[in-house]
Amino acid sequence: MRTANLSGRLVVITDDDTAVDVEQASDSRFGPDPQGVYEHWTAFRAWASIADLPAGRPFAATDLGPPAPAPRQVLAVGLNYRAHADESGFAAPDTLPPVFTKYVSSITGPVTEVGLPAGGHTDWEVELVAVIGESAHEVSEDDAWSYIAGLTVGQDISERITQLTGPAPQFGLGKSFPGFTPMGPYLVTPDALPDRDDLELGCSINGEEVQKGRTGDLIFSLPALVARLSAVLPLLPGDVIFTGTPAGVGMGRTPQRWLADGDVLVSHVQGIGELRQTFRA
């Protein structure tokens with residue numbers, strides 16, 4: 001199943017890529033709020049699995065918003081691919097990987113224009129993103145998939161000067177400028193993917209491939225992350241987990257490369273879709 005946020009309303013995306021409004025199709029059993037559905041995810045999945053959906057309507061990708069527009073927690077994982085840890089100059093983690101937050105005000109949909117912070121070094125990081133569908137606290141790795149509503153594409157856009165300047169890094173601030181957390185285009189349930197544990201992901205700038213990897217190369221798999229994170233804090237319905245980025249970021253290149261005015265960044269995850277960000281000075 002694929003769901004989406006279409007102009008602020010929850011929709012199901014049909015096999016022919018049209019959108020069915022959930023509130024209308026369910027006779028108001030489920031509301032229109034794309035974020036609110038995660039509080040009732042099990043019931044929603046049960047309804048959607050047997051619902052006789054009406055014909056959908058066409059839509060433009062520019063009208064899509066983030067599938068989780070207002071999560072209570074956004075947890076992002078660093079250094080979760082060995083090659084990215086190497087290019088960043090850090091040892092690959094062998095316990096809990098570094099975890100930081102991206103602030104909710106930076107969340108946007110899949111097709112956007114993003115302002116470049118003046119004097120900054122703005123970088124790209126394509127990631128597989130999970131949305132939690134059921135409260136998870138101290139869950140086991142074996143059970144972790146049952147707590148995940150679905151997967152989407154994310155970009156952990158990062159302004160490296162803000163992130164790294166100071167007596168201690170400012171990961172949250174450096175990664176939370178307006179528009180720095182695009183997600184979408186859809187939320188895809190794990191059963192609808194070719195292999196939920198091994199998906200290709202990557203991104204390009206102006207048509208030039210700059211990142212390519214597979215989620216099967218994660219140091220800590222998504223189930224492992226859910227288990228490790230939920231051992232410390234409860235994960236709430238609708239919470240978002242950025243799982244880490246593969247090698248190929250601008251900071252790790254020689255010479256280093258940063259996003260510039262007019263650059264178009266296209267990011268994808270296999271079986272889910274793509275994001276498209278255009279950057280403006």
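None of the values given here were measured: they were computed from a predicted structure.

### Quick word on the confidence of the model for the protein chain
- Scored by pLDDT, the protein chain has a mean of 97; 100% of the residues are at 70 or more.
- Ranking the helices and strands of the protein chain by mean pLDDT puts strand E17 (residues 264-269) first, with 99, and helix H3 (residues 82-88) last, with 86.

### Here's the deal with unusual backbone geometry
- With an omega dihedral of -5°, the bond running from Gly184 to Pro185 counts as a cis peptide bond.
- The residue Pro185 is located in strand E13 (residues 181-188) in this model.
- Here the amide bond leading from Thr254 into Pro255 is cis, since omega sits at 0°, within 30 degrees of zero.
- Along the chain, the position of Pro255 falls in the loop between strand E16 (240-242) and E17.
- One non-glycine residue, Asp27, lies in positive phi territory at about 50°.
- Considering the arrangement of structural elements, one finds Asp27 in the loop between helix H1 (22-25) and helix H2 (41-50).
- Phi at Ser28 takes a positive value of approximately 70°, unusual for a residue other than glycine.

### Thoughts on the side chain of Thr245
- Considering the arrangement of structural elements, one finds Thr245 in the loop between E16 and E17.
- A polar contact of 2.8 Å, which involves the side chain of Thr245, links it to the backbone oxygen of Val126.
- Side-chain polar atoms of Thr245 contact the side chain of Gln211, separated by 2.8 Å.

### Points about the sheet that holds strand E15 (residues 208-214)
- Spatially, 5 strands are ordered E8-E18-E17-E14-E15 in an open sheet, and the strand pairing comes out mixed. At either end of the open sheet lies a strand with only one pairing partner, and these are strand E8 (111-115) and E15. Across this sheet, the average inter-strand angle for adjacent strands is 15°, counted without regard to direction.
- For strand E14 (residues 200-205) and E17, the ladder comprises 5 bridges, and the chain directions are antiparallel. Bridging from a neighbouring strand, Gly202 pairs with His268 of E17.

### Description of the nonpolar core
- Leu151, Val226, Leu235 and Ile272 are the most contacted members of the largest nonpolar core, which totals 45 residues.
- If one sorts the elements of this core by residue count, strand E10 (residues 126-132) sits on top with 4 residues.
- Among all residues touching Leu151, those that are not within four sequence positions of it are Leu128, Val129, Ala130, Trp145, Tyr186, Leu187, Val188, Leu193, Leu199, Leu222 and Ile272.
- Judged by nonpolar contacts, the second largest core, of 22 residues, contains Val22, Phe100, Val129 and Phe242.

### Looking at the pattern of salt bridges
- All told, the structure shown has 15 salt bridges when counted by the stated rule.
- Residue Arg2 pairs with Asp17 through a salt bridge whose shortest N-O separation is 2.8 Å. Residue Arg2 is located in strand E1 (residues 2-6), and its partner Asp17 is located in the loop between strand E2 (9-13) and strand E3 (19-21); the two are separated by 15 residues in the primary sequence.
- For Glu23, the salt bridge is made with Arg9, and the minimal N-O distance between the two is 2.7 Å. Taken together, the residues Glu23 in helix H1 and Arg9 in strand E2 connect sequence positions 14 residues apart.
- One continuous salt-bridge network, built from bridges that share partners, spans Lys102, Asp123, Glu125, Asp156, Arg160 and Lys175.

### Thoughts on the packing of aromatic side chains
- Using the criterion set out here, one finds 7 aromatic pairs in the structure.
- Relative to Phe171, the ring of Phe100 lies with its centre 5.3 Å away and its plane at 50°, an arrangement referred to as tilted. Here the residue Phe100 occupies a position in strand E6 (residues 99-101), and Phe171 occupies one in helix H5 (residues 171-174), the gap between them amounting to 71 residues.
- Each residue in the set Phe30, Tyr38, Trp41, Phe44 and Trp47 is aromatic and connected to the rest through ring pairs, giving one cluster.
- Lying across the ring of Phe242, Lys102 places its NZ or CZ 6.0 Å from the centre.

### A closer look at the environment of Gly174
- Relative to the assigned elements, Gly174 resides in helix H5.
- With 54 residues separating them along the chain, Gly174 and Gly120 place their C-alpha atoms 9.8 Å apart.

About the cut-offs
- Residues numbered from 1 in each chain as written.
- Predicted model: local features only at pLDDT ≥ 70, side-chain atom pairs only at ≥ 80, totals over all residues.
- Heavy atoms only, no water.
- pLDDT = per-residue confidence, 0-100.
- Helix = DSSP H or I, 4+ residues; strand = E, 2+ residues; numbered from the N terminus.
- Polar contact = N/O pair within 3.5 Å; in protein donor to acceptor, adjacent residues only side chain to side chain.
- Pairing = 2+ DSSP bridges.
- Axes fitted to C-alpha atoms, helices over the stretch in contact; angles between N-to-C directions.
- Core = buried A, V, L, I, M, F, W, Y, C linked by side-chain atoms within 4.5 Å.
- Buried < 20%, exposed > 50% of the residue type's maximum accessible area, 1.4 Å probe, protein only.
- Contact = heavy atoms within 4.5 Å.
- Salt bridge = Lys/Arg side-chain N within 4 Å of Asp/Glu carboxyl O.
- Phe/Tyr/Trp six-rings, centres within 6.5 Å; stacked < 30°, edge-to-face > 60°.
- Lys NZ or Arg CZ within 6 Å of the ring centre and 35° of its normal.

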